[in-house]
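Chain residues, written in single-letter form:
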Amino acid sequence: MKKRLRKKYRVGEFRELCFEFSFDYKGDVTAPECEAFLHAFVSDCIEANGLNCEGNMTDEGCNIIAKAIDPTKTTEEQRTAVKSWLEGREDVVINSFSELTDAWYARLG
């Protein structure tokens, strides 16, 4: 396949990897506590590891998809760093944490 088509279809060297995870807060959380956690999560965990993320937060928990700023360069080390950061927090419990997955052609759960 020509390079132009590999880029268009995001395969080969243009394949984009991501990982998905979900977690819940332990107990009730006030708005200031939630804001402090989110600030720490984004700055100390996501941005510090060269990642972007998107997801949602509901009363049932948080579902996040993360990938590197350059998604063709997402690494297992980044995934492990995020998981370790969350495991080090006493105020959250991890529900699920996926392996690195193709962001375009794999079905995320």
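Residues numbered from 1 in each chain as written. Predicted model: local features only at pLDDT ≥ 70, side-chain atom pairs only at ≥ 80, totals over all residues. Heavy atoms only, no water.

Asks: Before we go on, may I ask you to explain the overall build of the protein chain in this structure?
Replies: Counting its secondary structure elements, the protein chain contains three helices and five strands. Secondary structure of the protein chain in N-to-C order comes out as α-β-α-β-β-α-β-β. Considered along the principal axes of its C-alpha atoms, the protein chain spans approximately 55 × 25 × 20 Å. Taking the intrachain contacts of the protein chain between residues at least 6 apart in sequence as the baseline, contacts between residues at least 24 apart amount to 67%. A gap of 17 Å separates the mean positions of the 15 positive and 20 negative side-chain charges of the protein chain. (Helix = DSSP H or I, 4+ residues; strand = E, 2+ residues; numbered from the N terminus. Contact = heavy atoms within 4.5 Å. Lys, Arg positive; Asp, Glu negative; His and termini not counted. Charge placed at Lys NZ, Arg CZ, Asp CG, Glu CD.)

Asks: What's the story with helix α2 (residues 31-46) in this structure? I'm lost.
Replies: Helical periodicity: at 3.6 residues per turn, an α-helix aligns residues three or four positions apart in one direction. A rise of 1.5 Å per residue sets the reference length of α2, with its 16 residues, at 22 Å; its end C-alpha atoms lie 21 Å apart and thus fit the reference within 8%. Those residues of α2 lying buried are Phe37, Ala40, Phe41, Cys45 and Ile46. Contacts from the buried residues of α2 go to β1 (17-25), β2 (51-58), α3 (76-87) and β4 (92-97). (Expected span 1.5 Å × (residues − 1). Buried < 20%, exposed > 50% of the residue type's maximum accessible area, 1.4 Å probe, protein only.)

Asks: I keep staring at the environment of Trp104 and nothing clicks. Help me out?
Replies: As for its placement among the helices and strands, Trp104 is situated in the segment after β5 (101-102). Overall, the relative accessible area of 44% leaves Trp104 in the partly exposed class. Along the sequence, Trp104 and Val11 sit 93 residues apart, while their C-alpha atoms lie 9.1 Å from each other. In terms of polar contacts, Trp104 uses its side chain to reach the side chain of Glu16, at 2.8 Å. (Polar contact = N/O pair within 3.5 Å; in protein donor to acceptor, adjacent residues only side chain to side chain.)

Asks: So what exactly am I meant to see when it comes to the state of the cysteines here?
Replies: Note on terminology: disulfide describes a covalent bond linking the sulfur atoms of two cysteines. Throughout the structure, instances matching the rule amount to zero disulfides. A disulfide-free cysteine, Cys18 has its sulfur positioned 12 Å from the sulfur of Cys53, the nearest such atom. With a relative accessible area of 2%, Cys18 lands in the buried category. Counting only cysteine sulfurs, Cys45 is the nearest neighbor of Cys53, a cysteine outside any disulfide, at a range of 8.5 Å. (Disulfide = S-S within 2.5 Å.)

Asks: I keep staring at the nonpolar core and nothing clicks. Help me out?
Replies: A general trend in soluble globular proteins is that nonpolar side chains are found buried together. Ranked by internal contacts, the top residues of the largest apolar core, which has 16 residues, are Phe19, Phe21, Phe23, Phe41, Val82 and Leu86. When contributions to this core are tallied by element, the ones reaching two or more residues are β1, α2, β3 (61-68), α3 and β4. If we skip the residues at most four places from it in the chain, Phe23 touches Phe37, Gly61, Cys62, Ile64, Leu86, Val92, Val93, Ile94 and Asn95. (Core = buried A, V, L, I, M, F, W, Y, C linked by side-chain atoms within 4.5 Å.)

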